[in-house]
Amino acid sequence: MVVAVDDNSNPSEEARLRNLCGNFRVVYTKLPAPRTRLEAFGRRSHARNLGTRTLDTDLVLYLDGDMLLSPKYVQEIKYYHAVLPGIYIRGRRYSIPVAQQAKGMDDCLSEVAKPQIPAAPLALEYITPPTSFVWEQAYQAAYYDKWEWCASNNLSVRRTHALEIGCWDENFVGWGEEDIDFSFRLSQLGLTPILLTSDNANSYHLEHKIDYETNAFTLRENARYLLSKFPQIAEYRRDAYARFDINVEDLLRK
């Protein structure tokens, strides 16, 4: 079952999305109009919660709308959830540049389907694993991960576990930290984070223009809220925040 959650598209975009969903038997849902300026920056938590409530499946695979997937992605994720109990999984993310996208979707899908992959996954600014870290194998291509390295653009968990922690916190709006909050709460529930390194578990980001100024603003506000909930995780986020000139001590001040 595939659910597409529409967050504040314009009428033309909505019509195109509804048409695509109809052609591919995808369930289309739409969030109400944003109530505030901050909500207009994006409501990832709201969208994921609506999608979670709409689904009637054992597993939930959370994916951003600007992602393409390896051809055997769903089968791969289901397999590892079946053999490893009590986990949640993040896969690796690669990039498809704008120049390649200009050749058309068929060309992008052809590249994704090839067995070879780019030399290195796309780095994420807010994920800071040390270069000296030694990954411990859990099973085949699955490795034990850290909750603080979670990214929700390619994330899967059993639906019952998402519901048990109250799903995604809708106080996070715009970009940043809703996935760290979600991951931390899953780990507190006793689940083990897993990094899945197989080619079949890859996602491919369709690169696009980014409003870095707005992202930095919402990250700061979301970080302040996150640390107000869980001040004990401040040190885990210090290096990531520093990349955006955000000081942990400033966030912790009342």
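Everything discussed here concerns the structure shown above.
Since the structure is predicted, the reported quantities are computational estimates derived from the model, not experimental observations.

Engineer: Can you help me understand the pattern of salt bridges in this one?
Structural biologist: Two side chains that carry opposite charge are able to pair once their charged atoms sit near each other. Counted under the stated rule, the structure contains 17 salt bridges. Across the pair R238 and E235 runs a salt bridge, and its minimum N-O distance is 2.5 Å. One end of the pair is R238 and the other is E235, both in helix 9 (residues 234–242) and three residues apart, which spans about a single turn. Residue class for E235 comes out exposed when judged on its relative accessible area of 53%. One continuous salt-bridge network, built from bridges that share partners, spans D7, R35, E39 and R43.

Engineer: Whenever I open this one, the nonpolar core confuses me. Can you help?
Structural biologist: General note: in soluble globular proteins, nonpolar side chains tend to be found buried as a group. Core analysis: the biggest nonpolar cluster contains 30 residues, and V157, F182 and Y241 have the highest contact counts within it. Taken together, the elements giving at least two residues each to this core come down to strand 3 (59–63), strand 9 (154–158), helix 7 (178–188), helix 8 (212–229), helix 9 and helix 10 (248–252). In this structure V157 touches D58, L59, V60, Y62, H81, I87, Y88, A162, F182, L186 and L191, once residues within four positions along its chain are discounted.

Engineer: What should I look at first to understand helix 9 in this one?
Structural biologist: Three or four residues apart is the spacing at which side chains of an α-helix point the same way, because the helix has 3.6 residues per turn. Looking at helix 9, one finds that the buried residues are A234, R237, A240 and Y241. Take helix 9 and look down its axis: the buried residues cluster within an arc of 120 degrees, on one side only. Facing away from the buried surface of helix 9 by more than 90 degrees, the exposed residues are E235 and D239.

The rules we used
- Residues numbered from 1 in each chain as written.
- Predicted model: local features only at pLDDT ≥ 70, side-chain atom pairs only at ≥ 80, totals over all residues.
- Heavy atoms only, no water.
- Salt bridge = Lys/Arg side-chain N within 4 Å of Asp/Glu carboxyl O.
- Helix = DSSP H or I, 4+ residues; strand = E, 2+ residues; numbered from the N terminus.
- Buried < 20%, exposed > 50% of the residue type's maximum accessible area, 1.4 Å probe, protein only.
- Core = buried A, V, L, I, M, F, W, Y, C linked by side-chain atoms within 4.5 Å.
- Contact = heavy atoms within 4.5 Å.
- Arc of directions from axis to C-beta.

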